[in-house]
Amino acid sequence: MIERWSPEQVLALAPDAPSRKAAQGVARAEAWPLLGVATAAPPAAVPSSVPATVSATVPAAVLFGECEGSGATPYQVCVDLDDPAYRCGCPSRKSPCKHALGLLLLWSAGDVPAAEPPPWAADWLARRDRGATRSGAGETARQSRQGATTGGRAGARSAATESARHARVAAGLAELERWLADQIRQGLATAGDGAWDDLAKRLVDAQAPGVASTVSRLREARAADDWPERLLAEYALIDLLAVAYRRRAHLPAPLAQTVLSRVGFPVMREEVLAGPAVRDRWDVLGRRDEVQERLTSRRVWLRGRDTGRPALVLSFAPQGQALDPSFVTGSTVDADLAFYPGAAPLRALPVTATTLASPMGEPPGMTPEEAMDEVAAALAADPWTDSWPLVLAGVVPGRTGVGGFPLHRSAYDPWRLIAVSGGRPVTVAAEWTPHGLRPLTTWADDGTVVLL
């Protein structure tokens, strides 16, 4: 299966703000009497009018469902995750419509079970596949001349789809580079929310949802007191990503994988789980939940007790539904983690069920100098790193900084941390960000103190 997209990536596909809001209104499992995700359409479900050689070439993953609407008959919704493409029986002319986006939001939250596609979904897939097979004929011939093995028609379709997406992404990022150059020439004050929203929509159309999500967040930089500096830094990182994508063939493989992930190419979950697992006793340093309208995301920060390796585990759920409770702040879990590929691997998936080892106690820490060196190494490997877990030992917290690191503006005046310290050095687990530290946890004589 394709690794589930984040809610941000899903909402970046919306054609406008009303569609984003409406999609979250239908992202409720009870509104969908039929829900499923399939990695392949079973032969029995494919219409007999479709040749067998075509019916074998289906997308890597497809979502389908029936959503209750204002009429008596539910709307039939289908999403080809490999392209992506959308099909819905509603009268909306928007693409994707709110029902397709709602189905994607449910899938991103893990609320869509594996199932065989019904005949109407298999028929849509087969019709799409016949068109993709015809359009991919030229690409198949070119790869045959180069000696590539495509695995028959399925390989030809996959290669043609991938080649077409890279062409769209390349065109979208080329336009982005020109836009950024214009902004520098005209001045930072010329851009506003409307310009960024329009650019994000064009990047979604170019199938670069990761970059689109970054562009849509530029208004946060504009709202800061030091907005010229922040905005220029964001522009520089976005431009660096566009250039890196264009030159990805010349990059080391781990960095090239990082660039593709940042642009918005999904990583297959199976690929992550097939990689080497890291066994350790993982200290749960802290977790942070963020509510985004009708979805909640959870970021859990871990650090290996034996390896010293940092890790981040992400989970998502619609509001009102429980998030993954496996990792409790202040505990140590015994588990195997598989890390997503990249130049500075951080995000991980649990390979085995986590086992509670014991209350963690105060974890091993590092000096501020060692922490700065670790962050510098992560940024050197992946310049787009926007968070990293640290454990600072022997630091005295102040109102605006800890251990020489400035605090994030959302963490100014950390009175609870200052009260635990009482002016004495303490150990503090924190999330580093380019805009300052977010304290997560500290330790006192009577145990763990959660700061979030």
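That block above? That's the structure.
The shown structure was predicted, so the numbers you read here are calculated from the model rather than taken from an experiment.

Engineer: Would you mind going over the nonpolar core with me for this structure?
Structural biologist: Counting residues in hydrophobic clusters, the biggest one holds 62 residues, and the most contacted among them are Leu63, Leu104, Leu173, Val211, Val215, Tyr235 and Val263. Beyond its immediate sequence surroundings of up to four residues, valine 263 is in contact with Val169, Leu173, Ala208, Pro209, Gly210, Val211, Leu241 and Tyr245. Listed in part, the 27 residues of the second largest apolar core include Trp388, Leu390, Ala411 and Trp443.

Engineer: Hey, could you run me through helix H11 (residues 227-246) in this one?
Structural biologist: Because an α-helix completes one turn every 3.6 residues, residues spaced three or four positions apart along the sequence face the same direction. Compared with an ideal rise of 1.5 Å per residue, which puts 20 residues at 28 Å, H11 spans 28 Å between its outermost C-alpha atoms and is within 8% of the ideal. Buried within H11 we find Arg230, Leu231, Tyr235, Ile238, Leu241, Ala242, Ala244 and Tyr245.

Engineer: Please explain the sheet that holds strand E1 (residues 34-38) as it appears in this structure.
Structural biologist: To summarise the sheet geometry, strands pair through backbone hydrogen bonds and adopt either a parallel or an antiparallel arrangement. The sheet built from four strands is open, its strands ordered E1-E2-E3-E4 with antiparallel pairing. Looking at which strands have only one partner, the edges of the open sheet turn out to be E1 and strand E4 (85-88). Adjacent strand axes in the sheet meet at a mean angle of 10° when their direction is disregarded. Pairing between strand E2 (residues 62-67) and strand E3 (residues 75-80): six bridges, direction antiparallel. Looking at the pairing, phenylalanine 64 lines up with cysteine 78 of E3. On top of the sheet, helix H4 (residues 98-108) reaches E1, E2, E3 and E4; it is set at about 60° to E3, its chief contact.

Engineer: Any chance you could explain the environment of aspartate 336 here in plain terms?
Structural biologist: Along the chain, aspartate 336 falls in strand E8 (residues 331-339). Using a relative accessible area of 15% as the deciding quantity, one classes aspartate 336 as buried. Once the C-alpha coordinates of aspartate 336 and threonine 352 are considered, the two residues, 16 residues apart in sequence, prove to be 5.8 Å apart. Excluding residues within four positions of it along the chain, aspartate 336 makes contact with Ala277, Val278, Arg279, Leu349, Pro350, Val351 and Thr352. Engagement of the side chain of aspartate 336 in a polar contact is seen with the side chain of arginine 279, the distance being 2.9 Å.

Engineer: Even after reading the chapter, I still don't get the sheet that holds strand E15 (residues 436-444), so can you show me in this structure?
Structural biologist: Taken in spatial order, the four strands of this open sheet run E11-E14-E15-E16, and their pairing is antiparallel. Where the open sheet ends on each side, the last strands, each with one partner, are strand E11 (388-395) and strand E16 (447-450). Across the sheet, the axes of successive neighbouring strands diverge by a mean angle of 30°, strand direction being ignored. In this sheet, E15 lies alongside strand E14 (residues 426-433) in antiparallel orientation, the contact comprising six bridges. Bridge assignment links alanine 429 to a residue of E15, and that residue is threonine 441. Along the sheet face, helix H14 (residues 368-381) touches E11 and E14 and points at about 165° away from the line of E11.

Cut-offs and rules
- Residues numbered from 1 in each chain as written.
- Predicted model: local features only at pLDDT ≥ 70, side-chain atom pairs only at ≥ 80, totals over all residues.
- Heavy atoms only, no water.
- Core = buried A, V, L, I, M, F, W, Y, C linked by side-chain atoms within 4.5 Å.
- Buried < 20%, exposed > 50% of the residue type's maximum accessible area, 1.4 Å probe, protein only.
- Contact = heavy atoms within 4.5 Å.
- Helix = DSSP H or I, 4+ residues; strand = E, 2+ residues; numbered from the N terminus.
- Expected span 1.5 Å × (residues − 1).
- Pairing = 2+ DSSP bridges.
- Axes fitted to C-alpha atoms, helices over the stretch in contact; angles between N-to-C directions.
- Polar contact = N/O pair within 3.5 Å; in protein donor to acceptor, adjacent residues only side chain to side chain.

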